[in-house]
Each structure stands twice: as C-alpha cells, then as structure tokens.
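Tertiary structure, described
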Amino acid sequence: MAAGGRSVACCTAVLLAAALLLSAPTATEAYDSLDPNGNTPHCCKKDPTIVDLLPGTPYNMQIANCCKAGVINTFNQDPANAASSFQISVGLAGTTNKTVKVPKNFTLKTPGPGYTCGRAIVGRPTKFFTSDGRRATQALMTWNVTCTYSQFLAQKTPSCCVSLSSFYNDTIVNCPTCSCGCQNPSGSNCVNEDSPNLQSAIDGPGKWTGQPLVQCTSHMCPIRIHWHVKLNYKEYWRVKITITNFNFRMNYTQWNLVVQHPNFDNITQLFSFNYKPLTPYGGGINDTAMFWGVKFYNDLLMQAGKLGNVQSELLLRKDSQAFTFEKGWAFPRRVYFNGDNCVMPSPENYPWLPNASPLTKQPLTLPLLVFWVVLATLLAYA
C-alpha cells in the first residue's frame, strides 16, 4: 500500500477477505482450483504473508478487483480503486461451519508500522454475482477485520507541519522549531539541497532504509503545508495552499490533505486540486474539507527539490455573521497530510490584523494638514 492510500476518516482501513475453503482429495495433497490435480502447497506456514500482485498479472491468476500493486486510494479520492481483493485456497479445512476455523492475528504491514487489527468477526455470507447479474454464488463464511491506523504507533515524531502568512501582515510564521525533530549537532540526520554529496546520500550503497532523508530545516519535517491568506474582496476572500516535500527519498503518490476551517461551508471555487467536504458529525457541521491532486497533473508530489511542491487557491464566500480577519480567524484549525496530524504554530504567533487606531490614521491626514499650513503662510506674505 502506498503512502497516499491511508484512510482519512478516523484513519481506519477495513479489510474484507473472502477465502475459498475446499477439502483436499487426499490427506497429503492441497487442492487448488487452478490446478485440480494437486501441486505442492505454495506455503505451509500457519502465518503466511500475502502480497498484492501487480497490474498485468496473467488472467488465469486474477480474481475480480485484484492486482493493485499494493496501492489503494481513499474512498473519497477514487472509489473504484479503494479496495483490493485476493483469494487463497486452504487445504484440509473441510467444507462445514464446524471444520472451517476463523483466522486470527491479522497484521497490516504496509505502507509502514502503525496499524492494529482487531479480531475477525463473522458476518453475513457474501454473495458473488455474475457479470450479467442473473446468477449468484454465496460464500460459506465471511469474516470482517478492521485495522486502525495510529500516528503515534507509526512514528516517534510528527511527519508534517504548517506555516502561515497573510497579505495584511508582513510576518511569515514558520513551522515551530523542531516540529518533527531537531538537527544533530553534526547535521548527520539531514542534508542540504546544494550539498555535493546529496545523490550519494539518497541512493548510495546501503542507504535505502525506508527512513526519510530530509532537507536541513528548522522544523525537520518531510512535509510542510503553507497557508497564505492572499486577497480580500467585498463578498469573497482568497487563500493559497502550498504543499512542499522536504524528503529526498520519497515521493507521495495520490496524496491527500484534510483541513478544518469554519468557512469551508462556503467554498465557491477551487483551482488545480480536487475537493470533497467531510461531514463526520452530520450535515449540520461542514467545516472539514479533503483535497487531493488532479490525476496526471499534480496527484504525484515529487521528492524534495524544484519540483517537490504542489499548490492551489481557494475562493470562499464570506459569512457575514462569522467572517473576520481578527485574532487569526482566517487560518486553519487543524491540518492532516495523508492521515497524519500536522504540527501547527502557536495561536499567539499568528499574523495579526494591524490595529485601526487613530495613530495609524494620522499619517493619512498629516500631508493634507501640512499642505494647508504652507499654503496659508504663502498667501499671508504674498
């Protein structure tokens, strides 16, 4: 499963496995529907590891909805590719409810650690329909296993952070220092973009460990999301979102971004990203949006470098009862990248709206006042 295939809503992945269980013709042979005469069993372990096949697998080795190369999307991004199926044949299992045993100890190992699977729960037997829908075959038994993703189990430190800026304040609020860890005194846990040893550090012998190789920054995060309040109109306001990859070892296929903001119920137009509202608490609250890239355009976030970023702009209609630029209201409440909660700056550091005090208005009237004084003086001595 690729990095972009994690489920976002509650970070939960559901595995539905239907196993074809048939008895063996003899006590020493395993039955395979693809080889009814018997072959040595493919695996004799009681805890086999199952790996998804690649697209283009020969048809006689495929079943419906199989062979996704371990890459599945979230259901919101691509429902047609949000599930992957596989089939195994188990020998000496019998064909009755008494002989067929519920499997246990499920473990989802990719795209990395962090998944915890519950026990298999017996559900209603699945029905498989033919392509014309006229005939159906019912499974002997169906089990449902739910695997839940936890960011805290997956990694010791966060994997993304958020920076902020606005048109009404020159301050750029960077990601908090050491958001995803700190640089070693020797700088051995990161690499500069202009380093002459960059390429050897990325893919040199023994370098591929699955761990990120990040650019040396104050935040040390593989991913940074920048939220910029760009423009203010009479009835609308505009935001620019930029996602930057600081990881030299990984690109993010079919990435997704989830943002929470109270004005997301009035998104009017979106540029170069796909969008779908998330309403986990019902239709009455619509403050969470999911964004992802446009296929073949920016659905692949490249490795760190000149091409390692994607961006979009949002046009939102103002809510007359709630909209304000004061007290950081225009900035997001929470941000998630590929299901991981990103580190936000502290609210007291947000770019604040300048105070509209008499002192700020004085420079506007002072030139006129000076003009009239000078003019009156000239006329008096004319």
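What counts and how
Residues numbered from 1 in each chain as written. Predicted model: local features only at pLDDT ≥ 70, side-chain atom pairs only at ≥ 80, totals over all residues. Heavy atoms only, no water. UniProt positions renumbered as here; feature names shortened; annotations may be inferred. Helix = DSSP H or I, 4+ residues; strand = E, 2+ residues; numbered from the N terminus. Contact = heavy atoms within 4.5 Å. Pairing = 2+ DSSP bridges. Axes fitted to C-alpha atoms, helices over the stretch in contact; angles between N-to-C directions. Buried < 20%, exposed > 50% of the residue type's maximum accessible area, 1.4 Å probe, protein only. Polar contact = N/O pair within 3.5 Å; in protein donor to acceptor, adjacent residues only side chain to side chain. Disulfide = S-S within 2.5 Å. Phe/Tyr/Trp six-rings, centres within 6.5 Å; stacked < 30°, edge-to-face > 60°. pLDDT = per-residue confidence, 0-100. Patch = residues over 30% accessible without salt bridge, like charges linked within 9 Å, V, L, I, M, F, W, Y side chains within 5 Å. Areas by Shrake-Rupley, 256 points an atom, 1.4 Å probe, with all protein chains shown as cover. Salt bridge = Lys/Arg side-chain N within 4 Å of Asp/Glu carboxyl O.

- Naming follows an unreviewed UniProt entry, where the protein appears as COBRA C-terminal domain-containing protein of Panicum virgatum.
- In the Sequence similarities (unreviewed entry) part of its UniProt record, the protein is described as follows: "Belongs to the COBRA family."

1. Considering the overall build of the protein
- When its secondary structure is counted, the protein shows three helices and 23 strands.
- Here the contacts in the protein between residues at least 6 apart in sequence split such that 68% fall between residues at least 24 apart.

2. A short note on the sheet that holds strand β16 (residues 256–260)
- Here five strands make up an open sheet; going across it, the order is β18-β19-β16-β22-β23 and the pairing antiparallel. Whereas interior strands pair on both sides, the edge strands pair on one side only; in this sheet they are β18 (273–278) and β23 (340–341).
- Bridge count between β16 and strand β19 (residues 288–293): five bridges; the pairing is antiparallel. Considered in β19, the bridge of Asn256 is made with Trp292.

3. Considering the sheet that holds strand β13 (residues 223–232)
- Strand order across the open sheet formed by six strands is β12-β11-β13-β14-β21-β17, with mixed pairing between neighbours. Only two strands of the sheet have a single partner each, and these edge strands are β12 (169–173) and β17 (267–271). For this sheet, the mean angle separating the axes of adjacent strands, direction not counted, is 15 degrees.

4. Description of unusual backbone geometry
- Its identity as a non-glycine residue notwithstanding, Asn65 has a phi of 65 degrees, on the positive side.
- Its identity as a non-glycine residue notwithstanding, Ser272 has a phi of 65 degrees, on the positive side.
- One can find Ser272 in the loop between β17 and β18.
- Owing to a relative accessible area of 27%, Ser272 belongs among the partly exposed residues under this scheme.

5. Examining the side chain of Asp340
- Mapped onto the secondary structure, Asp340 falls in strand β23.
- Judged by relative accessible area, which is 3%, Asp340 ranks as buried.
- For Asp340, the side chain forms a polar contact with the side chain of Gln155, separated by 3.0 Å.

6. Quick word on the environment of Ser312
- If you trace the backbone, Ser312 turns up in strand β21 (residues 309–317).
- Between the C-alpha atoms of Ser312 and Val239, which are 73 residues apart in sequence, the distance is 8.4 Å.
- Residues within four places of Ser312 in sequence aside, it is in contact with Val239, Lys240, Ile241, Leu270, Phe271, Ser272 and Phe273.

7. Things to note about the state of the cysteines
- Tallying each qualifying case throughout the model produces seven disulfides.
- Residue Cys180 pairs covalently with Cys221 via a disulfide, S to S 1.9 Å. Between Cys180 and Cys221, the S-S dihedral sits near 85 degrees, and the bridge is therefore right-handed. Placement of Cys180 in the loop between β12 and α2 (198–203) and of Cys221 in the loop between α2 and β13 is noted, with a sequence separation of 41 residues between them.

8. A few points about the packing of aromatic side chains
- Under the defined criterion, the tally for this structure stands at 15 aromatic pairs.
- Ring centres of Trp237 and Trp329 lie 6.2 Å apart, and the angle between their planes is 45 degrees; this geometry places the pair in the tilted category. Of this pair, Trp237 sits in strand β14 (residues 236–245) while Trp329 sits in the loop between β21 and β22 (334–337); the two residues are 92 residues apart in sequence, bridging distant segments of the chain. For the pair Trp237 and Trp329, one class covers both residues: buried.
- By the ring-pair criterion, three or more aromatic residues cluster together here, those being Phe167, Tyr168, Trp237, Phe323, Phe325 and Trp329.

9. Comments concerning the confidence of the model for the protein
- With 80% of its residues at a pLDDT of 70 or more, the protein has an overall mean of 81.
- Here residues 1–31 is modelled with pLDDT under 50, and outside its nearest four sequence neighbours on either side it reaches 93 contacts, counting other chains as well.
- With pLDDT under 50 throughout, residues 356–366 is counted as low confidence; its partners more than four residues away or in other chains account for two contacts.

10. Section: a nonpolar patch on the surface
- On the surface, Ile50, Phe86, Ile88 and Val90 cluster together into a nonpolar patch covering about 300 Å² of accessible area.
- Inspection of the secondary structure puts Ile88 in the loop between β4 (35–39) and β5 (89–90).

11. Points about the pattern of salt bridges
- Within the structure shown, the criterion is met by three salt bridges.
- One salt bridge connects Arg317 with Glu235, and the closest N-O pair in it is separated by 3.6 Å. Separated by 82 residues along the polypeptide, Arg317 in strand β21 and Glu235 in the loop between β13 and β14 bring together distant segments of the chain.
- Exposure remark for Glu235: the relative accessible area of 43% places this residue in the partly exposed category.

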